[in-house]
Every structure is written in structure tokens, then in C-alpha cells.
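# Structural characterization, general
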Amino acid sequence: MQRLEEPIYFYALAIIPLLLFVLLYKFWWQKRTQKAFANVYLIQKLAPDYSTFKATIKWLFLALGIAFLVIALVNPKIGTKLETVKREGVDIVFALDVSKSMLSEDIAPNRLEKAKQIISKTIDQLGSDRVGVIIYAGNAYPLLPITTDQSAARLFLKNASPDMVSSQGTAINEALNMAKTYYDNDEQTNKYLVILSDGEDHEENTVDKAKELGDEGIKVITIGIGTEKGGVIPDMINGYKKGLKKDKNGEVVITQRHVKVLQEIAATSSGFYVDGNKTATSVNKIMEVLSKAKKTEFESKQFSEYKSQFQWFIGIGILWLVLDMFVFEKKTKWVKSVNLFNEKEE
């Protein structure tokens, strides 16, 4: 297990491209000045020992030295001791709809980002509860298995997008099926599944699937995101908006939030429905329920001791800088003496 103590120092790596710019400018300035002074043949006669290759090597050594010293400032740490810790909490799995309809901007910034905000802010308020993340559209995929590592949940959540699923749609029943396999603690008495969706394109057996989860003691909380009036869906290509999504007749598609199906899913599984258009309201409602839930004790393994590794990077960084000092911008004599192409001197 690794940690970065001061990742903000990574910004200092911007010095390296700046050095590269200076190096390229230096070469350009030298060429221009030399041309004004004499032709290439005469320059080679006047300065036969100058080596462009070794000048580049010096820059490379300097860049490596700076890079390793910056990493030393960041101070990577490696976990050295793994111990078992007893905790109390509930298991909560988030099922995030990443279908293209969630890109609609009828809720700012868009439905998908609003859903991410709700999940992220909920995780921020969790104590020792375990979390898991499922993403789904036409199919469901496990984004993060249930874990106590809430920082990992935030990291994986940040990258969730429609591009991560192979088929489109809003198959909530696929997410419900996958959720059944997520809870690995049979003794856990409080299991929650939070579905964040606009409720579009659901299949007919979705409510029946939700009832099965309710029978297994899994409470389903549904959060509807979007407006009943609806909005258009931007047609995104490589992260850029290229127009609006249209149907096979060339008409602009309007996507709406379907509250009824989300309410039915929650009602049949001992859960509840929340209007997700206001982040704070959704988070407060979820936390209100979780705070009253009975906590179950479980064991988890975590690293308790971390050792700093900065000294290794300081040593390697200094080594590169020393090498840079001992490399001169002159051709090496023994290399000059080797006639690789059997050329005759004039």
C-alpha cells in the first residue's frame, strides 16, 4: 500500500518542459548566430569538439535529477504493517446510471455530474461504513467492490462515464441483479442500495427484481435526477460536444425523468424515493436513515505503519545532478579516435 504525503509538489515538474523549451531555444539561437558568422563547414573546423549529442545528454541528466528531487518532496510512503481492525457500520452500494440520457443538462451541470456530487458528498459523511459502486446503462458493471477504502470510491467515481459501458439504455434490473452479489457479509443486518438515475428505458420486470432484494433484506433507495419537462442529450465525441442526439427520424431526442418507476422500486424494497435535483436534500435524507440504522461489527485489514521513501529519490536525484556536472559539451577523445566509417582525413 502506498501513500503520497505532499502530492501538491508534483506541480514543480512543470520546470522540466520549461527547461526543454530553453534547450530548444538555445539550439535555435546557436544555429542562427553561427549562420550569420560563417557557413557550417567553417564552424565545424573552428569548433570541432562541440557535441550537440552531449549537450542533450546534459539536459536529460538535469531533468532526471529535478524529477527525482520533486518526487522526494512528494515523499512516497509504503505501508509496512498490515493489521486487522474491527469496525462497526452498514454496507451501502451506489448504483450509478451512466447512460447517455444522464448527460442531459436540464440539471446543472448535467444529470451525471449531479449524481456524482450526491455520491461523493454522502461518502464524505460516512464513518466506518463500507461502500461499493456499480455503474450501469444497457448492462451493469462493477466499478468498485464493497470496501472500507472510501478514498478509492471517490477516485473510481470521478472517472465514471458513458464510455465505460458497451451498450446503452437504462437497465436498472441489471444493476439490481449485480447488487445481490455485492454484499459479502452474511451477518450484516443493514444493507442499502442507492440507485441514482433518471428512470428512463427500464424493463418490465424491474419492480419484481427490486422486491427480490427487499426479501433478502436489502433496502433500495432511489434518487431521481432530471426534470419532468426534460432536456436534450448532447452528442459527445471524445469529450467534445458535436451536436444533439437525434432519433432515427432525425428528430432531436428529449429525455425526461420518470419518477413513478423509481418510486415503485423503492416502495417494494422497504426503501424510499428522493428528488435528487438538490444535492444537500438528497445527502441529508440518506444520512438521516444511515445514522439510525443498526451498526454491524466487521473486520477489515489495513496498513497501520507507513515508512517514508524520500531518501531514495534524493540520492538518485543527486546522482543524476553529479553526472550532469561531469558531462561536458565536448566530444569524448576516445570516441573521436574511432573511425567507424574508415574515412580519410583531408
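What you see as residue numbers is a count from 1 along each chain, following the sequence as written. Where local features are concerned, this predicted model is filtered to residues with pLDDT of at least 70; where side-chain atom pairs are given and counted, the filter is 80 or more; whole-chain, interface and lining totals use all residues. Side-chain numbers come from the whole structure's heavy atoms, not from hydrogens or water.

### Some thoughts on the overall build of the chain
Starting at the N terminus, helices and strands are each numbered in turn, a helix being any DSSP run of H or I of at least four residues and a strand any DSSP run of E of at least two. The secondary structure content of the chain amounts to 11 helices and 13 strands. Think of it in three bands: with a 1.4 Å probe and only protein chains considered, a residue is buried below 20% of the maximum accessible area for its type, exposed above 50%, and partly exposed in between. Within the chain, the fraction of its 346 residues that count as buried is 40%. When the accessible surface of the chain is split by element, carbon and sulfur atoms take 58% of a total near 20300 Å². Using a 1.4 Å probe, the Shrake-Rupley method yields the accessible areas, and only the shown protein chains count as cover for residues.

### With respect to the pairing of strand β3 (residues 91-97)
With 7 of 7 residues buried, β3 is to be regarded as a mostly interior element. Neither face of β3 is exposed, since D91, V93, A95 and D97 on one face and I92, F94 and L96 on the opposite face are all buried. Bridge analysis of β3 against strand β4 (residues 130-136) gives 7 bridges, and the strand direction is parallel. Considered in β4, the bridge of L96 is made with I135. Orient the strands so they point away from the viewer; a crossover is then right-handed if the path from the first strand over the helix to the second runs clockwise. For the crossover from β3 across helix α4 (residues 111-125) to β4, the handedness is right-handed. Only strands joined by at least two bridges in the DSSP assignment are considered to pair.

### Remarks on the pattern of salt bridges
Take a side-chain nitrogen of Lys or Arg and a carboxyl oxygen of Asp or Glu: if they are within 4 Å of each other, that pair is a salt bridge. Enumeration according to the criterion identifies 12 salt bridges in this entry. The shortest N-O distance in the salt bridge between D106 and R111 comes to 2.8 Å. Taking the relative accessible area as the measure of exposure, R111 reaches 0% and is therefore buried. Note that K180 and E212 form a salt bridge whose closest N and O atoms lie 2.4 Å from each other. Highlighted residues: K180 in helix α6 (residues 172-180) and E212 in helix α7 (residues 206-215), separated in sequence by 32 residues.

### Quick look at the side chain of T147
If you trace the backbone, T147 turns up in strand β5 (residues 140-147). Pairs of N or O atoms are called polar contacts if they sit within 3.5 Å, as long as, within protein, a hydrogen donor faces a hydrogen acceptor (for residues adjacent in sequence, only side-chain-to-side-chain pairs). One polar contact links the side chain of T147 to the main-chain amide nitrogen of D149, over a distance of 3.0 Å.

### A look at the packing of aromatic side chains
Ring geometry is summarised as follows: Phe, Tyr and Trp rings, the Trp one being its six-membered ring, pair when their centres sit within 6.5 Å, and such pairs are stacked at plane angles under 30 degrees, edge-to-face over 60 and tilted between the two. Inspection of the entire model under this criterion finds 3 aromatic pairs. A centroid spacing of 5.7 Å and a plane angle of 40 degrees characterise the contact between Y25 and W28, whose relative ring orientation is tilted. With Y25 and W28 both in helix α1 (residues 15-37) and 3 residues apart, the pair spans about one turn of that helix. Looking at W28, the relative accessible area reads 46%, which means it is partly exposed. Consider the ring centre and the ring normal. A charge sits over the ring if Lys NZ or Arg CZ is within 6 Å of that centre and within 35 degrees of that normal. Sitting over the face of the ring of Y192, K219 holds its NZ or CZ atom 5.5 Å from the ring centroid.

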